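# Fold and contact review
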Amino acid sequence: MNVEKYPQCQLYKFTLLLEDNKAMYVKPDIESRAVDGTIINRAYYSAYSYALLWLEEEISGFRLKQKWEYEAEGKEYVSEHRQVRDCLIKYEKMKASKNLYELHRLRKKADYKLFNPLTEEEINNSKKYMENVLNELKFEN
């Protein structure tokens, strides 16, 4: 499987490109917070969608459960994002799950706490977490 051509990998490459060229997007009417938040958001989505693809391709029978399925079983709903992290743990991909969790936490700050500044360390960490997820989840084919 050549994952280089998959949108998940292309999103990863775009996120790195965006981070490398972020100075080009900061203008007098566009603060760096907007660009930094977008980098973190894209880092999370790149890692999440890559992890989901890995689970779908490498784990026989894997599929995300819908809300109605939880309700039919009398169980509390678990978000698709949490399902992915939990399944990574189940298949002993703890580092990928932890990095995805940390990215999720940063993405929530970037997307929902718009008046909170983002630090250079958080931006660098988001890139590192994204790369860690992709590096741990290797495709066999």
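Everything in this summary refers to the structure shown in the same document. (Residues numbered from 1 in each chain as written. Predicted model: local features only at pLDDT ≥ 70, side-chain atom pairs only at ≥ 80, totals over all residues. Heavy atoms only, no water.)

## A closer look at the overall build of the protein
Quick reminder of the rule: Put simply, DSSP marks the helices as runs of H or I at least four residues long and the strands as runs of E at least two long, and each gets a number from the N terminus on. Residue exposure (1.4 Å probe, protein chains only): buried if accessible area is under 20% of the type maximum, exposed if over 50%, otherwise partly exposed. A contact between two residues is defined here by any heavy atoms of the two lying within 4.5 Å. Using the Shrake-Rupley algorithm and a 1.4 Å probe, accessible areas are obtained, with residue cover drawn only from the displayed protein chains. Positive charges come from Lys and Arg, negative ones from Asp and Glu, while His and the chain ends are left out of the count. Charge positions are represented by NZ for Lys, CZ for Arg, CG for Asp and CD for Glu.
When helices and strands are counted, the protein shows seven helices and zero strands. Ordered by position from N to C terminus, the α and β elements of the protein give α-α-α-α-α-α-α. Dimensions of the protein, computed from C-alpha atoms along their principal axes, come out at roughly 50 × 35 × 20 Å. The burial tally for the protein puts 43% of its 141 residues in the buried class. A fraction of 68% describes how many contacts in the protein between residues 6 or more apart in sequence connect residues 24 or more apart. Within the structure as shown, the protein displays about 8600 Å² of accessible surface, and the carbon and sulfur contribution to it stands at 51%. One way to put it: in the protein the 24 positive side-chain charges average out to a point 2 Å from where the 24 negative ones average out.

## Focus: helix α3 (residues 32-58)
Stated formally: A helix's residues, less one, multiplied by 1.5 Å, set its expected span.
Between its first and last C-alpha, α3 extends 38 Å over 27 residues, near the 39 Å set by a 1.5 Å rise per residue. Most of α3 sits out of view: 19 of its 27 residues are buried.

## Here's the deal with the pattern of salt bridges
Close approach of charged atoms allows side chains of opposite charge to pair. In plain terms, the rule: Salt bridge, as used here, is a side-chain nitrogen of Lys or Arg placed within 4 Å of a carboxyl oxygen of Asp or Glu.
Within this structure, the stated rule accounts for 11 salt bridges. Between Glu73 and Lys65 there is a salt bridge, with the nearest N and O atoms lying 2.7 Å from each other. Residue class for Glu73 comes out partly exposed when judged on its relative accessible area of 41%. Assessed through its relative accessible area of 22%, Lys65 is described here as partly exposed. A salt bridge links Glu73 to Lys75; its shortest N-O distance comes to 3.7 Å. Put simply, Lys22, Asp36 and Glu120 are held in one network by salt bridges that share partners.

## Re the packing of helix α5 (residues 80-90) against helix α6 (residues 94-112)
Defined as follows: Only the contacting stretch of a helix is used when fitting its axis, a line to C-alpha atoms as for every element, and angles between N-to-C directions run 0 to 180 degrees. Roughly parallel refers to an angle under 35 degrees, roughly antiparallel to one over 145, roughly perpendicular to one between 65 and 115, and oblique to any angle outside these ranges. Put simply, a crossing is left-handed when the front helix is turned counterclockwise from the back one by less than a right angle, and right-handed when it is turned clockwise. In this classification, the charged set is Asp, Glu, Lys and Arg, the nonpolar set is Ala, Val, Leu, Ile, Met, Phe, Trp, Tyr, Cys and Pro, and all remaining amino acids, among them Gly, are polar.
Here α5 crosses α6 at 160°, and the two axes come no closer than 7 Å. With respect to α6, the element α5 is oriented roughly antiparallel. Between α5 and α6 lies a crossing whose hand is left-handed. When α5 is examined against α6, the residues Val84, Arg85, Leu88 and Ile89 are found in contact with a partner set consisting of Met94, Ala96, Ser97, Leu100, Tyr101 and His104. Broken down by class, the residue content of the contact of α5 with α6 amounts to seven nonpolar, two polar and one charged.

## A few points about the packing of α3 against α6
Closest axis-to-axis distance for the α3/α6 pair is 9 Å, and the angle between their directions is 145°. As for the relative orientation of α3 and α6, their crossing is left-handed in sense. Contacts from Arg33, Gly37, Ile40, Asn41, Ala43, Tyr44, Ala47, Tyr48 and Ala51 of α3 reach α6 at Leu100, Leu103, His104, Leu106, Arg107, Lys109, Ala110 and Asp111. Considered class by class, the residues forming the contact of α3 with α6 number 10 nonpolar, three polar and four charged.

These results come straight from atomic positions and should not be treated as a statement about function.
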